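# Report on the structure
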Amino acid sequence: MLAQDVPPAPCGEQRDEHGRRIALSFESNTVRPVAPPADCWLVALDGSGHSLRALATAMRLATESGVNTLDLATVHHWLSTEAAETELALRGWATTAEARAHLDARGFGWRLHALMGEPAVRIVEQAAALGSRGIVIGARGLTAFDGLLMGSVAQQVLHTARGAVLVVRGSASFKE
């Protein structure tokens, strides 16, 4: 394992009523200070090209509004108490490696929120807890029928979030 593959110590943590780790936060060292969450978009990332396309869109929105910071959220399904102690950080760090590299290369600050639970629920909760400007999420472009069968995180976020939600559709490639 390379040094860059190992997450640093988190700057924040949340545990559930059973003491299980359910959220970790990490901050970029590239840009200081990072903007307040209310000025920032929360970008949902799952490591796919679709989520990287959403990241590119969020970077444009941030730049246009004069903010050089994004909040990143990645959600992983429930882990045992023991696994959550190490795996949540490792999975969150690995899932967002490419996104963080893009942000670092372009001088953007970021806050990473590695969360555990149901993706749509946790993304909406995190945006509300931060007071985010809104949520940017990629969509795979499922048909209505496929979305009903498989479920669509983007669709669930769109219907449950109280603030702005931007669903980014298109090819699964990173384009600025």
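Further up the page is the structure itself.
Rules of the game
- Residues numbered from 1 in each chain as written.
- Predicted model: local features only at pLDDT ≥ 70, side-chain atom pairs only at ≥ 80, totals over all residues.
- Heavy atoms only, no water.
- Pairing = 2+ DSSP bridges.
- Helix = DSSP H or I, 4+ residues; strand = E, 2+ residues; numbered from the N terminus.
- Axes fitted to C-alpha atoms, helices over the stretch in contact; angles between N-to-C directions.
- Contact = heavy atoms within 4.5 Å.
- Buried < 20%, exposed > 50% of the residue type's maximum accessible area, 1.4 Å probe, protein only.
- Core = buried A, V, L, I, M, F, W, Y, C linked by side-chain atoms within 4.5 Å.
- Arc of directions from axis to C-beta.
- Salt bridge = Lys/Arg side-chain N within 4 Å of Asp/Glu carboxyl O.

### A closer look at the sheet that holds strand β5 (residues 109-116)
- Read from one edge of the open sheet, seven strands run β1-β2-β5-β4-β3-β6-β7, paired in mixed fashion. Looking at which strands have only one partner, the edges of the open sheet turn out to be β1 (12-15) and β7 (164-168). Direction aside, the axes of adjacent strands within the sheet are offset by 20° on average.
- Taken together, the four bridges between β1 and strand β2 (residues 21-27) define a ladder with antiparallel strand orientation. Residue pairing in the sheet places glutamate 13 in a bridge with leucine 24 of β2.
- Each of β4 (69-76) and β5 is contacted by helix α3 (residues 97-105), which is oriented at about 165° to β5, the strand it contacts most.

### Focus: the pairing of β2
- Within β2, six of the seven residues are buried, leaving the element largely enclosed by the surrounding structure.
- Here β1 folds back onto β2 in antiparallel fashion, the turn holding five residues, of which glycine 19 has a positive phi close to 85°.
- Pairing analysis gives five bridges linking β2 to β5, with the strands arranged antiparallel. Each bridged residue has a counterpart across the sheet, and for phenylalanine 26 the counterpart in β5 is leucine 112.

### Some thoughts on the nonpolar core
- One finds Phe26, Val43, Leu55, Leu70, Leu72, Leu103 and Trp110 to be the most contacted residues of the largest nonpolar core, which totals 28 residues.
- Leaving out residues up to four positions away in the same chain, tryptophan 110 has contacts with Phe26, Glu27, Ser28, Val34, Thr69, Leu70, Leu72, Trp93, Arg100, Leu103 and Asp104.
- In terms of nonpolar packing, the next biggest core, distinct from the first, is built from 17 residues, Ala73, Val75, Ile137 and Ala161 among them.

### Regarding α3
- All buried positions along α3 are accounted for by Ala99, Arg100, His102 and Leu103. Down the axis of α3, the sector holding all buried residues measures 155°, keeping them to one side.
- On its buried face, α3 is in contact with α1 (49-64), β4, α2 (81-95) and β5.

### Structural notes on the pattern of salt bridges
- Using the criterion set out here, one finds seven salt bridges in the structure.
- Here arginine 91 ties to glutamate 87 by a salt bridge, and the two come within 3.2 Å at their closest N and O atoms. Taken together, the residues arginine 91 and glutamate 87, both in helix α2 and four residues apart, mark about one turn of the helix.
- Under the relative-accessibility criterion, arginine 91 is labelled partly exposed at 36%.
- Overall, glutamate 87 belongs to the partly exposed group, its relative accessible area being 27%.

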